[in-house]
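Topology and contacts: notes
Residue strings, one per chain:
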Amino acid sequence: MHTFGQNLVFSLNATIPIFLMMVLGWIFKKVNLLDEHTTQKLNQFVFKALLPALLFMDLSTADFKSVWDTKFVLFCFFATVLSICIAFGFSLFHKDKAERGEIIQASYRSSAAILGIAFVNNIYGEATMAALMIVGTVPLYNIIAVIVLSFTAPDNGVKRNPKQLFLRTLKDVISNPIILGIAAGIIWSLIDIPQPVIMSKSISYLGSMATPLSLIALGASFKFGEAKDKLPISIGITVIKLIIFCAIFLPIAIKLGFRGEKLIAILVMLGSATTGSSFVMSRNMGHSGTITACAVMLTTLCSAFTLTLWLFILKTLEYI
């Protein structure tokens, strides 16, 4: 019984502070400390400056040759591929073909960068394994999202050039600030140049702001009114996103020998909320974005409970 209590406290300590920051963001928006424009700029600032700084900070100071794990990166990649296949199968049950792209993207695309880094950081104090997980998943997330949303977009008389779409996707992946932060961190680690104190302190100041500001901005972005539309399909997406993927792939990850920080990174990859950037992408690709917005709200709310449960199970079974 004593162990049960300790494991529960461990799980709550890992999840509750993260979701409290999101609640604070929502409250700040309600009391007009944050508005729509500021929240949007805050999201951009976190994505383009703070998260890359945090990832660079963790990777550049790590011994990357000893940290790199090919098996782990490949597992993240192939688990994501299979998750996309499951999401595609689920979308076929939906009658409106034009909305299937949104369903697929919302079902597989995790907030791996923001929540992944937040969780691993909160438990282990660094995000090296979260960075490796991002290497295996984020490029794939973006490429598949563009392909799926392009082929299922409502026909508004706009011709879509597949070659242009491919080149734009490739450019987006290569210029993704998070990928650039990871690449810069890896290169610095491999070159093995000592960081001047001025540089390391400045980057650590930026990096330490990344997690709290990203969560506040995420909370401030919530629009609960939009979550009422498309509720049934969003519940289906939430069950797949937060429960089914974890139930399928976590046992495989454990069987393959992943433990501790790696297993937490895998858990977040599989069972964290749908990323808010999927809404922006679905709108840019000619979709209404209603299903995506609803899925983001619902998965984010429910993940506070499901992630705590998964953490509790893994801790109780002594895998983390």
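Our subject is the structure listed above.
Since the structure is predicted, the reported quantities are computational estimates derived from the model, not experimental observations. (Residues numbered from 1 in each chain as written. Predicted model: local features only at pLDDT ≥ 70, side-chain atom pairs only at ≥ 80, totals over all residues. Heavy atoms only, no water.)

What follows covers the pattern of salt bridges. In total, this model carries two salt bridges according to the counting rule given. One salt bridge in this structure joins Glu36 and Lys29, with 3.4 Å as the shortest N-O distance. As a salt-bridge pair, Lys262 and Asp69 come within 2.5 Å of each other at their nearest N and O atoms. With Lys262 in helix α12 (residues 260-271) and Asp69 in the loop between α3 (64-67) and α4 (70-91), the pair connects residues that are 193 residues apart, well separated along the chain. (Salt bridge = Lys/Arg side-chain N within 4 Å of Asp/Glu carboxyl O. Helix = DSSP H or I, 4+ residues; strand = E, 2+ residues; numbered from the N terminus.)

Now for the nonpolar core. By size, the foremost hydrophobic cluster in this structure holds 74 residues, and its most contacted members are Phe72, Ile266 and Leu270. Broken down by element, the residue count for this core peaks at 14 residues, all from helix α7 (residues 128-152). (Core = buried A, V, L, I, M, F, W, Y, C linked by side-chain atoms within 4.5 Å. Buried < 20%, exposed > 50% of the residue type's maximum accessible area, 1.4 Å probe, protein only.)

As a further point, take unusual backbone geometry. Its identity as a non-glycine residue notwithstanding, Asn32 has a phi of 65 degrees, on the positive side. If you trace the backbone, Asn32 turns up in the loop between α1 (2-30) and α2 (36-60). Of note, Glu318 is a non-glycine position whose phi angle comes to about 65 degrees, a positive value. Residue class for Glu318 comes out exposed when judged on its relative accessible area of 69%.

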